[in-house]
Amino acid sequence: MTVQLKQAEPVAFSRILGIGAERGENVVTNDDIAGPIDSSDEWIRQRTGIVTRRRAGADRDVIDLAEAASLKALAAAGLTPDQIDTVIVSTVTYFAQTPSAAAILADRIGANPAASFDISAACAGYCYAIGQADALVRSGTARHVLVVGAEKLSDFIDPTDRSISFLLGDGAGAAVVGPSDTPGIGPTVWGSDGSKATTIRQTHAWSQLREDPSLGWPTLRQDGPTVFKWASFQVGKFAQEAMDAAGVGPQDIDVFVPHQANMRIIDQMVKQLKLPEDVVVGRDIADTGNTSAASVPLAIERLLAEGQAKSGDVALQIGFGAGLVYAAQVVVLP
Ligand SMILES: CC(C)(COP(=O)(O)OP(=O)(O)OC[C@H]1O[C@@H](n2cnc3c(N)ncnc32)[C@H](O)[C@@H]1OP(=O)(O)O)[C@@H](O)C(=O)NCCC(=O)NCCS
């Protein structure tokens, strides 16, 4: 007997309904961290654009940060937690292998029994997850997806490391994605290059620490100039591809929000993409530092909160980082 299966009923369009942010509560200045790396406030400002980074105290973890951001995103979207049926958390700093941070977060915010899972896509994680949420909503598999990029990178820093630790901050950014009457999320352009996996890395794996406890706690490292060149001169083309895929050009973009890795990388991308001067550019890195998966939504939330961007603006967003991975899309701001 031939059985005809039903498949999920697709919906035409999706959009971001609300965004929320939570930054680490402690403001850490360049002077606070310059000593052990023989650096200075002047060097860090000139080479990275970072003035302060925000870090969370010992009593707060990735899920605490994610919870605060999520509740704000729900309020901004005008939804109650029980209306969330899927939770995606992107993080590389949650300590447990399993269960997922997303399942615990869903329960904490009152979204139990939402489908929940974590993804690992480093600094591209938020844009990866927005791509997944868009697909889940439009396919009819999910109705309201909570996307969270959450990191407590201060758990993986070495105060004497000159390569990356001084860039890093803690925070969480959340977005609710749901059905829409008009197109709100352009096609996601994404990819990876694992042949460059060691350019941004953990000093050693947990298994090595188990075998040799003298190795100490693993922390993050990067080949700064290699990453800098890749991010400044290779990644811009993926943002261009996202515009092409969405059928828009630089003149249609109101807001550009790249991953907050280094102010000089941001400036270089703006130049390469030939964005008009009146395009508002996310520069949250100056105060917040590099928060990996949280950096794009944190930068967007700041622009909205400060009135530099507004609901309905067309935003080009791109994340890139360890993997190497990247993901970009054009979205309409909530
Ligand atoms: C890390 C980074 C800020 C270093 O800046 P840079 O301009 O590339 O610096 P370089 O490594 O070429 O070093 C230039 C000089 O500064 C010195 N230096 C390097 N790191 C330093 C630090 N933290 N403080 C002070 N001096 C430093 C070097 O010793 C070198 O000195 P020299 O000219 O006397 O030899 C930069 O490479 C960067 O931002 N990379 C990408 C970061 C990133 O995006 N990471 C996350 C990806 S998601």
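Just so it is clear, the model here is predicted, and its values are computed rather than measured.

A. Representation of the site of the ligand within the structure. Near the ligand there are 23 residues, and of these S39, R47, Q222, A261 and N262 occur at the shortest range. S39 has a polar side-chain atom sitting 2.7 Å from a nitrogen atom of the ligand. Contact distances for the ligand include 2.9 Å between a nitrogen atom and a side-chain N or O atom of Q222. The set of elements that each furnish at least two residues to the shell around the ligand consists of α2 (41–48), α7 (224–233), α9 (263–272) and β13 (314–321). Here the shell around the ligand takes four residues from α7, the largest share from any one element. Of the residues assigned to the shell around the ligand, the class counts are 11 nonpolar, nine polar and three charged. When residues of the shell around the ligand are sorted by domain, at least three fall in each of domain 1 (13–180) and domain 2 (189–332).

B. Region of interest: the sheet that holds strand β4 (residues 86–90). The five strands are arranged β1-β7-β6-β4-β5 in an open sheet whose pairing can be described as mixed. The open sheet has two edge strands with one neighbour each: β1 (13–23) and β5 (115–119). Geometrically, the sheet is characterised by an average inter-axis angle of 15° between neighbouring strands, direction not taken into account. Running over the sheet, helix α3 (residues 62–77) touches β1, β6 (145–152) and β7 (170–180) and is turned about 130° from β1.

C. Here's a closer look at the domain arrangement of the protein. Once the domains are mapped, the protein shows domain 1 (13–180) and domain 2 (189–332). The gap between the C-alpha centroids of domain 1 and domain 2 is 14 Å. In terms of surface lost to domain 2, no three residues of domain 1 exceed R23, C123 and F156, which account for 19% of the buried area on that side. A salt bridge links R23 to D284, with the nearest nitrogen and oxygen atoms 3.3 Å apart. Scanning the region where domain 1 abuts domain 2 turns up 20 residue pairs in polar contact (both at pLDDT 80 or more). Listed by contribution, the elements that provide at least two residues to the side of domain 1 that touches domain 2 are β1, α2, β3 (52–55), α5 (125–139), β6 and β7. In terms of residues, the side of domain 1 that touches domain 2 owes the most to one element, α5, which gives seven residues.

D. Spatial organisation of the sheet that holds strand β11 (residues 255–258). The five strands lie next to each other as β8-β14-β13-β11-β12, forming an open sheet whose pairing is mixed. A single partner strand is all that each edge strand has here, and the edge strands are β8 (189–192) and β12 (280–281). In this sheet, β12 lies alongside β11 in parallel orientation, the contact comprising two bridges. In the strand pairing of β12, F256 is matched with V281. Sitting on the sheet, α5 touches β8, β13 and β14 (325–332), and the angle it makes with β14 is about 55°. Seen against the sheet, helix α8 (residues 236–246) touches β8, β13 and β14 and runs at an angle of roughly 40° to β14.

E. Summary view of the packing of α7 against α9. Contact geometry of α7 with α9 gives a least axis separation of 8 Å together with a crossing angle of 30°. Considering the angle they form, α7 stands roughly parallel to α9. α9 is crossed by α7, and the crossing has right-handed handedness. Contact residues: α7 offers F228, A231, S232 and F233, while α9 offers R264, I265, Q268, M269 and Q272.

F. Molecular detail of the UniProt feature "domain: Beta-ketoacyl-[acyl-carrier-protein] synthase III C-terminal" (unreviewed entry) in the protein. The UniProt feature table records "domain: Beta-ketoacyl-[acyl-carrier-protein] synthase III C-terminal" (unreviewed entry) at residues 243–331. Overall, residues 243–331 shows 33% helix and 24% strand. The separation of its end C-alpha atoms is 10 Å.

G. Spatial organisation of the pattern of salt bridges. By the definition in use, this model includes 18 salt bridges. One salt bridge connects E22 with K72, and the closest N-O pair in it is separated by 2.6 Å. Remark: K72 occurs in helix α3 and E22 occurs in strand β1; sequence separation between them is 50 residues. The class of E22 is buried, set by a relative accessible area of 14%. A salt bridge links E306 to R302, with the nearest nitrogen and oxygen atoms 3.2 Å apart. According to the relative accessible area criterion, R302 is buried, its value standing at 19%. By sharing partners, the salt bridges in this structure join R23, D284, D287, E301, R302 and E306 into a single network.

Scoring rules and cut-offs
- Residues numbered from 1 in each chain as written.
- Predicted model: local features only at pLDDT ≥ 70, side-chain atom pairs only at ≥ 80, totals over all residues.
- Heavy atoms only, no water.
- Near = heavy atom within 4 Å.
- Polar contact = N/O pair within 3.5 Å; in protein donor to acceptor, adjacent residues only side chain to side chain.
- Helix = DSSP H or I, 4+ residues; strand = E, 2+ residues; numbered from the N terminus.
- Nonpolar A, V, L, I, M, F, W, Y, C, P; charged D, E, K, R; others polar.
- Domains from an automatic or database assignment.
- Pairing = 2+ DSSP bridges.
- Axes fitted to C-alpha atoms, helices over the stretch in contact; angles between N-to-C directions.
- Contact = heavy atoms within 4.5 Å.
- Buried area = accessible area lost by both parts, 1.4 Å probe.
- Salt bridge = Lys/Arg side-chain N within 4 Å of Asp/Glu carboxyl O.
- Parallel < 35°, antiparallel > 145°, perpendicular 65-115°, else oblique.
- Left-handed = near helix turned anticlockwise from the far one by under 90°.
- UniProt positions renumbered as here; feature names shortened; annotations may be inferred.
- Buried < 20%, exposed > 50% of the residue type's maximum accessible area, 1.4 Å probe, protein only.

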